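Breakdown of the fold
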Amino acid sequence: MSHTPFIVGAYLISAVVLFWAAFAPVINKRSLLRQLKNRQANMDKSQ
Amino acid sequence: MNPIYLFFHKTGSPPWFYKYSGKLIPWLWAVFLILTAYGLYLGLVVAPADYQQGESVRIMYLHVPSAWMSMMIYGLMAIMGFIALVWRIRIMEVLVISSAPVGAAFTVIALITGSLWGRPTWGTYWVWDARLTSELVLLFLYFGVIALYNAFDEPRKAARAASLMSIVGAINLPIIYFSVEWWNTLHQGSSMGSSGTGIHPSMLLPLLLMATATKFFYGANLLSRARLTLLKQDHRKRWVQDLLSKESH
């Protein structure tokens, strides 16, 4: 039995999980900051 | 003021934590990337195949550090949860809840890579063996902490409940660690212990490099998540408003 597909699969899946773990907070932070800035701009306009 | 109290008071302040953790994160990522690149080179190119496991031993350079991290992070969550409950230090609550997704990610990797290693070595992807089952329970504990935190509307109440669950769930850690000694398991016993290791240096070095790299991944990812949680919780507070004004100018 060739071990290569198991090794490649293990490294690929781990890379995907780690990329998700690393980038999820970055993406969420950008979206949160955008929301907060929009809200602040709307509040400034209404005042 | 006592210097120790002063230190905790300062580092526990959200604006201070946000500012200085932001400076630390790029360095942690840099060390993680360097160690991972070197560890992968040694593990995939330089280290020989195992005389029994063959080439599939290369999965161990991912599996073992991930399994260690899955337990270490939960242990840290229990300690930080205890500090958060006893001394009511808010930053500790934030660190507990920010650790849970990182710990869950490492547990998923440990389970999947273990399963992919098991097929060519044991002839099966999964057995309901004590080590594998207790590691799966650990994943459910991580999911439980995350779900419990999200079940509350009030973030501090949510974080305290999650901290309590982290402490209670820590009972699973000795079960995972000693499962290979307490029960007859298919999973082999520990190759490293207080009496040393039987692993050849050509395999030990990449393993230790990858294990160290995962610590830096945890540090960088934890701080990123903690900063995000602080922004979410404090978005109406003055320091966040000031931060937004500075960024928009």
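First, a word on what this report is: a plain description of the structure on this page. Since the model is a prediction, treat every value here as computed from it, not as a measurement.

Details of the overall build of chain B
- Across its full length, chain B carries nine helices and two strands.
- Written out in order from the N terminus, the α and β elements of chain B read α-α-α-α-α-α-α-β-β-α-α.
- Relative to its full complement of 249 residues, chain B shows a buried share of 39%.
- Put simply, of all contacts in chain B between residues at least 6 apart along the chain, 78% involve residues at least 24 apart.

Focus on the overall build of chain A
- What chain A contains, in helices and strands, is one helix and zero strands.
- Reported as C-alpha extents along the three principal axes, the dimensions of chain A are approximately 70 × 10 × 5 Å.
- Scored against the burial criterion, the 47 residues of chain A give a buried share of 17%.

Quick word on helix H5 (residues 130–151) of chain B
All names here are of chain B.
- In a regular helix each residue adds 1.5 Å, so 22 residues correspond to 32 Å; H5 covers 31 Å between its end C-alpha atoms and thus fits that length.
- Restricting attention to buried positions, one finds in H5 the residues Ala-130, Arg-131, Leu-132, Glu-135, Leu-138, Leu-141, Tyr-142, Val-145 and Tyr-149.
- Where H5 is buried, its residues touch helix H3 (60–87), helix H4 (90–122), helix H6 (155–169) and helix H7 (172–182).

Considerations on H3(B)
- Relative to the 40 Å expected for 28 residues at 1.5 Å per residue, H3(B) spans 40 Å between its end C-alpha atoms, a close match to the ideal helical length.
- Positive phi appears at B:Arg88, one or two residues downstream of H3(B), with a value of about 55°.

Section: the nonpolar core
- Judged by nonpolar contacts, the single largest core of 66 residues is most densely connected at B:Ile59, B:Leu95 and B:Val96.
- Elements represented by at least two residues in this core include exactly helix H1 (4–46) of chain A together with helix H2 (14–46), H3, H4, H5, H6 and helix H8 (201–233) of chain B.
- Ranked by residues supplied to this core, first place goes to H4(B) with 17 residues.

A look at the interface of chain A and chain B
- The partner chain B presents 27 residues to the 21 residues of chain A that form the contact.
- Across the side of chain A that touches chain B, the residue classes break down as 14 nonpolar, five polar and two charged.

Things to note about the environment of B:Met165
All names here are of chain B.
- Within the fold, Met-165 resides in helix H6.
- Along the backbone, Met-165 and Leu-148 are 17 residues apart, and their C-alpha atoms lie at a distance of 8.5 Å.
- Other than its neighbours up to four places away in sequence, Met-165 contacts Gly-144, Val-145 and Leu-148.

Overview of the packing of H5(B) against H6(B)
All names here are of chain B.
- Two elements in contact, H5 and H6, have axes separated by 8 Å at closest approach and are oriented at 165°. Regarding the angle of H5 to H6, the classification is roughly antiparallel. Crossing geometry of H5 relative to H6 is assigned as right-handed. Residues Leu-141, Gly-144, Val-145, Leu-148 and Tyr-149 of H5 touch H6, and the partners they reach there are Ala-158, Ala-159, Ala-161, Ala-162, Met-165, Ser-166 and Gly-169.
- Its residues assigned to classes, the contact of H5 with H6 comprises nine nonpolar, three polar and no charged.

A closer look at unusual backbone geometry
All names here are of chain B.
- Unlike most non-glycine residues, Arg-88 shows phi in positive territory, near 55°.
- Within the secondary structure, Arg-88 sits in the loop between H3 and H4.
- Classification of Arg-88 as exposed rests on a count of 12 C-beta atoms within 10 Å.

Re the packing of H1(A) against H4(B)
- In the contact formed by H1(A) and H4(B), the axes pass within 9 Å of each other and the chain directions differ by 175°. The orientation of H1(A) relative to H4(B) falls into the category roughly antiparallel. Across the interface between the two elements, A:Phe6, A:Gly9, A:Ala10, A:Ile13, A:Ser14, A:Val17, A:Leu18 and A:Ala21 from H1(A) touch B:Pro101, B:Val102, B:Ala105, B:Val108, B:Ile109, B:Ile112, B:Thr113, B:Leu116, B:Trp117, B:Arg119 and B:Pro120 from H4(B).
- Its residues assigned to classes, the contact of H1(A) with H4(B) shows 15 nonpolar, three polar and one charged.

Here is what the cut-offs are and how they apply
Residues numbered from 1 in each chain as written. Chains lettered and ligands numbered in written order. Predicted model: local features only at pLDDT ≥ 70, side-chain atom pairs only at ≥ 80, totals over all residues. Helix = DSSP H or I, 4+ residues; strand = E, 2+ residues; numbered from the N terminus. Buried ≥ 20, exposed ≤ 12 C-beta atoms within 10 Å, placed from the backbone. Contact = placed C-beta atoms within 7 Å. Expected span 1.5 Å × (residues − 1). Core = buried A, V, L, I, M, F, W, Y, C linked by C-beta atoms within 7 Å. Nonpolar A, V, L, I, M, F, W, Y, C, P; charged D, E, K, R; others polar. Axes fitted to C-alpha atoms, helices over the stretch in contact; angles between N-to-C directions. Parallel < 35°, antiparallel > 145°, perpendicular 65-115°, else oblique. Left-handed = near helix turned anticlockwise from the far one by under 90°.

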